[in-house]
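Descriptive analysis of the structure
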Amino acid sequence: MLTIDHFVFGASDLATGRKWMEDALGLPPVGAGKHTRMSTHNALWRLGTAYLEVIAADPNAAEPAHPRWYGLDDAATKARISEAPKLLTWVVATPDIEATRTTSPIDPGPALQFSRDDLHWQLTVPATGTPHHGGAFPALIHWPEGVKSPAKTLEDQGLAIAEFRVFGTDILKAALADLGALPLASAFEQADHPALSLTVNSPETGTVHLA
């Protein structure tokens, strides 16, 4: 059974991304960290049973020998997030990442091992680093037994998903259905170009459309 683990927002730099999200939600992040393998760092907000992640390349880290995840090294993605942070993709949790990955209608990439602080997990990353279908097809994540997703450990500030919509073609819709992720969205809408739309309820700023 798949569940939404988190939503990934890319930013040109973390300070800009963090301020943008703080202003939108009226709340500061309740988590942060660095990812040595990908030379990135982030800020986190709990979102009910999921969480929001703002991520950016870490200027103090060495350049990785491979593309950073979520398309952060992709020229088109860099251009998008240079204007303002953007929702790059979503990540769904699975209890068996290899089984889900190998039966996925779209190859999400290998399940790589990651760790930071006391957390460790597996996450699928395409060889190019760029998410499929413009990020509308999710990455897969697995939290091993005894390790809890930040969605379960971060301070609950009262944020909640109001609506999450996926836009795309019939091909994308069929792929999400085959994966078992289609029911996780509030709705799927036909569109020539894939996209994601997330609306959040904040106790400080009300209903906020983030992407």
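Below you will find a few notes about this structure. (Residues numbered from 1 in each chain as written. Predicted model: local features only at pLDDT ≥ 70, side-chain atom pairs only at ≥ 80, totals over all residues. Heavy atoms only, no water.)

Now for the pairing of strand 12 (residues 206-209). Sheet topology places strand 11 (residues 195-202) next to strand 12; four bridges connect them, and they run antiparallel. From the neighbouring strand, Val-200 faces strand 12, where its bridge partner is Val-208. Where strand 11 folds back onto strand 12 in an antiparallel hairpin, the turn is made up of three residues. (Pairing = 2+ DSSP bridges. Helix = DSSP H or I, 4+ residues; strand = E, 2+ residues; numbered from the N terminus.)

What follows concerns the side chain of His-41. Position of His-41 relative to the elements: it lies in strand 3 (residues 40-47). Classification of His-41 as buried rests on a relative accessible area of 14%. In terms of polar contacts, His-41 uses its side chain to reach the backbone carbonyl oxygen of Ala-57, at 3.5 Å. If we skip the residues at most four places from it in the chain, His-41 touches Leu-14, Gly-33, Lys-34, His-35, Val-54, Ile-55, Ala-56, Ala-57, Asp-58 and Pro-59. (Buried < 20%, exposed > 50% of the residue type's maximum accessible area, 1.4 Å probe, protein only. Polar contact = N/O pair within 3.5 Å; in protein donor to acceptor, adjacent residues only side chain to side chain. Contact = heavy atoms within 4.5 Å.)

Another aspect to go through is the packing of aromatic side chains. Centre distance and the angle of the planes are the two values used to describe a pair of aromatic rings. If you walk through the whole model with that rule in mind, you get seven aromatic pairs. Measuring from ring centre to ring centre gives 4.9 Å for Trp-90 and Phe-164, while their planes differ by 65°; the resulting arrangement is edge-to-face. Of this pair, Trp-90 sits in strand 5 (residues 86-93) while Phe-164 sits in strand 9 (residues 160-168), and the two are 74 residues apart along the sequence. A connected cluster of aromatic rings, assembled from ring pairs, spans Trp-69, Tyr-70, Phe-114, Trp-121 and Trp-143. (Phe/Tyr/Trp six-rings, centres within 6.5 Å; stacked < 30°, edge-to-face > 60°.)

As a further point, take the sheet that holds strand 6 (residues 111-116). Strand pairing in a sheet relies on backbone hydrogen bonds, with the paired strands running either antiparallel or parallel. Read across the open sheet, the eight strands follow the order 2-3-4-1-5-8-7-6; overall the sheet is mixed. Strand pairing shows two members of the sheet lacking a second neighbour, strand 2 (31-35) and strand 6, which therefore form its edges. Sheet twist, expressed as the average angle between the axes of neighbouring strands with direction ignored, equals 30°. Across six bridges, strand 6 lies against strand 7 (residues 119-124) in antiparallel orientation. Bridge pairing links Ala-111 to Thr-124 in strand 7. Along the sheet, helix 2 (residues 75-83) contacts strand 1 (3-10) and strand 5; its crossing angle with strand 5, the most-contacted strand, is approximately 110°. (Axes fitted to C-alpha atoms, helices over the stretch in contact; angles between N-to-C directions.)

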